[in-house]
Amino acid sequence: MIPLSWLLLLSAVLFCIGVVGVLVRRNAIVIFMSIELMLNASNLAFVAFSRHLNSLDGQVFVFFVMTVAAAEVAVGLAIIVNLFRLRETVFVDEINLLKG
Amino acid sequence: MITVLFVAFAAILVVSSLLVILHRNPLTSALFLVLAFCSLAAIYLLLHAEFIGLVQVVVYAGAIMVLFLFVIMYLNLGHDVESGVTLALRRGLGWLLGAVLVAEGALLITGRLAPGPATPQALTAAAAAAPGNTQQVGLLLYSRYLFPFEITSIILLVAMIGAIVIARGLREPAPAEAPAGSAPVTAAAPEEAPGEDA
């Protein structure tokens, strides 16, 4: 059986990669992918604890997180498509309409 | 054996996740993200979460990533590479903040890693005698989590409608604003609106 600490370590590494991706990239779509990585890191932690505690509730929560992620991706990509139509760019540092 | 497989899939997962955020081409990033999701699904299978593992492949690697690839190709972003001086500064700052986060996590994990509660033995025996994972998750989903499950369908419906409305574009308001200046034309505007919808 895989130790819980390894799974949590992997989850933390995955989450950190996602955070770094959001911070260093400026392509909105890649930022979205990094957010997906962070959601998957939380899913991995859910499954790890579900395995550790012998309770399936964590897996049900993963199901809900996946649903929310799917909804978020659909709406977010629609916003990005609309943004590209308006500004001809998906680079987040060129989208500075609210900057004073 | 399971440990070896776990380490192998974890290595694939970490390397492909790093390539997602490091590769300059967003299309390649998306394909590496598919690889990351598939290796994560394999880790779920190793954890005996079969239902979640298969849903991971179907929903994430299937539906969500196809949506990503569709949008990347639709917007023709394959040739967009990131460069610039301010980008170098911003990227350096991002790596610094990320390093601080990693250091925090390392401190927490190495410093005082809580072993967690011991696995209850009675539950282990019950789980061993119980039916398969998918059946158990389904029973839980339709009994204790029935109400959140129904809410999920509303979330998906709202997201679907929202995505369609947002991605439809701004072509409709533009002709509607032009005749709004004079009162007689405004009466004719609602007659045109259903024609555009059809």
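Residues numbered from 1 in each chain as written. Chains lettered and ligands numbered in written order. Predicted model: local features only at pLDDT ≥ 70, side-chain atom pairs only at ≥ 80, totals over all residues. Heavy atoms only, no water.

## Considerations on helix α3 (residues 57–87) of chain A
Okay, step 1: When the terminal C-alpha atoms of α3(A) are compared, their 44 Å separation across 31 residues agrees well with the 45 Å that a helix rising 1.5 Å per residue should span.
Okay, step 2: Of the residues one or two after α3(A), A:Glu88 is the one with positive phi, at around 60°. (Helix = DSSP H or I, 4+ residues; strand = E, 2+ residues; numbered from the N terminus. Expected span 1.5 Å × (residues − 1).)

## As for the interface of chain A and chain B
Okay, step 1: Opposite the 65 residues of chain A that make contact, chain B presents 80 residues.
Okay, step 2: Roughly 6700 Å² of surface becomes buried between chain A and chain B when both sides are summed, with 76% attributable to carbon and sulfur atoms.
Okay, step 3: In terms of surface lost to chain B, no three residues of chain A exceed A:Arg25, A:Met33 and A:Met66, which account for 10% of the buried area on that side.
Okay, step 4: Across the salt bridge formed by B:Arg144 and A:Asp57, the nearest N and O atoms sit 2.5 Å from each other.
Okay, step 5: Taken together, the connections running from chain A to chain B amount to 10 residue pairs in polar contact (both at pLDDT 80 or more).
Okay, step 6: Listing elements by their share of the side of chain A that touches chain B, those giving two or more residues are α1 (4–24), α2 (28–53) and α3 of chain A.
Okay, step 7: Residues that form the side of chain A that touches chain B fall into these classes: 48 nonpolar, 11 polar and six charged. (Contact = heavy atoms within 4.5 Å. Buried area = accessible area lost by both parts, 1.4 Å probe. Salt bridge = Lys/Arg side-chain N within 4 Å of Asp/Glu carboxyl O. Polar contact = N/O pair within 3.5 Å; in protein donor to acceptor, adjacent residues only side chain to side chain. Nonpolar A, V, L, I, M, F, W, Y, C, P; charged D, E, K, R; others polar.)

## Points about the confidence of the model for chain B
In regions of low pLDDT, the predicted coordinates are not meant to be interpreted in detail.
Residues and elements named next belong to chain B.
Okay, step 1: Overall, the predicted model of chain B reaches an average pLDDT of 78, with 71% of residues at or above 70.
Okay, step 2: Scored below 50 in pLDDT, residues 176–198 makes eight contacts in the model with residues more than four places away or belonging to other chains.
Okay, step 3: Scored as a complex, the prediction yields pTM 0.76 and ipTM 0.91. (pLDDT = per-residue confidence, 0-100.)

## Description of the pattern of salt bridges
Residues and elements named next belong to chain A.
Okay, step 1: In total, this model carries two salt bridges over all chains according to the counting rule given.
Okay, step 2: Residue Arg26 is joined to Asp93 by a salt bridge in which the shortest nitrogen-to-oxygen separation is 3.0 Å. You can see Arg26 sitting in the loop between α1 and α2 and its partner Asp93 sitting in the segment after α3, a full 67 residues away along the chain.

## Structural notes on the side chain of A:Asp57
Okay, step 1: By the element assignment, A:Asp57 lies in helix α3.
Okay, step 2: Polar side-chain contacts of A:Asp57 include one of 2.5 Å to the side chain of B:Arg144.
Okay, step 3: Dropping the residues within four chain positions of it, A:Asp57 is found in contact with B:Leu140, B:Arg144 and B:Tyr145.

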